[in-house]
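# Summary of the model geometry
Next come the chains, spelled out residue by residue.
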Amino acid sequence: MRLALPIAALLAGTVLVSGAGARNSVFSEFKTPSGNIGCVYTSAPAELRCDIGSGLNPRPAQPASCDLDFGDSLVMPKFGRVGIGCHGDTARDPRAPILAYGRTWVRGGFSCTSRTTGLTCRNPGNHGFFLSRESWRRF
């Protein structure tokens, strides 16, 4: 679902989401210059999710508990280790702002640096991941 947002919020890549049943939450998204990786940050709960169009390489085995899409998404909480996402949607939005190579995105203690070799993201607990077409790893 795409929210109707003021143009200034879209250009900034950050919006405040509120409404019935929703806590005030900062929402921010970006994509890598190739468009292969797209990420979404939410502040409530504090989480960063990045999806890769080409899939995780090597592809992890899908657990029996996941009957949705698997093997193309990493989910990082504010503190703690990165998980592999089981999802029915995507974090890859073609309209998301581009995080240029050599630039770093920072929100809520999370940071991601875009390079020609791939995307590296960290949380405040110094856990994180590296993601590219060729490989991925969690740390």
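Moving on, we get to the pairing of strand S5 (residues 69-77). Pairing analysis gives five bridges linking strand S4 (residues 46-52) to S5, with the strands arranged antiparallel. In the sheet register, leucine 48 faces S5, and the bridge partner there is methionine 76. Of the strand pairs in this sheet, S5 and strand S6 (residues 83-87) are connected by four bridges, and their pairing is antiparallel. Paired with valine 75 across the two strands is glycine 83, which belongs to S6. The hairpin formed by S5 and S6 contains five residues between the paired strands, and glycine 80 there has a positive phi angle of roughly 110°.

For the structure shown, the criterion picks out three disulfides. The side chain of cysteine 39 participates in a disulfide bridge whose partner is cysteine 50; the two sulfur atoms lie 2.0 Å from each other. With the S-S dihedral at roughly 115°, the linkage between cysteine 39 and cysteine 50 falls on the right-handed side. Residue cysteine 39 is found in strand S3 (residues 37-43), and its partner cysteine 50 is found in strand S4; the two are separated by 11 residues along the sequence. Given a relative accessible area of 0%, cysteine 39 falls into the buried group. Judged by its relative accessible area of 0%, cysteine 50 is buried. Covalently, cysteine 66 is tied to cysteine 86 through a disulfide, its sulfur atoms 2.1 Å apart. Between cysteine 66 and cysteine 86 the disulfide shows an S-S torsion of about 95°. By sign, it is right-handed. Placement of cysteine 66 in the loop between S4 and S5 and of cysteine 86 in strand S6 is noted, with a sequence separation of 20 residues between them.

Each value, and the rule that gives it
Residues numbered from 1 in each chain as written. Predicted model: local features only at pLDDT ≥ 70, side-chain atom pairs only at ≥ 80, totals over all residues. Heavy atoms only, no water. Pairing = 2+ DSSP bridges. Helix = DSSP H or I, 4+ residues; strand = E, 2+ residues; numbered from the N terminus. Disulfide = S-S within 2.5 Å. Buried < 20%, exposed > 50% of the residue type's maximum accessible area, 1.4 Å probe, protein only.

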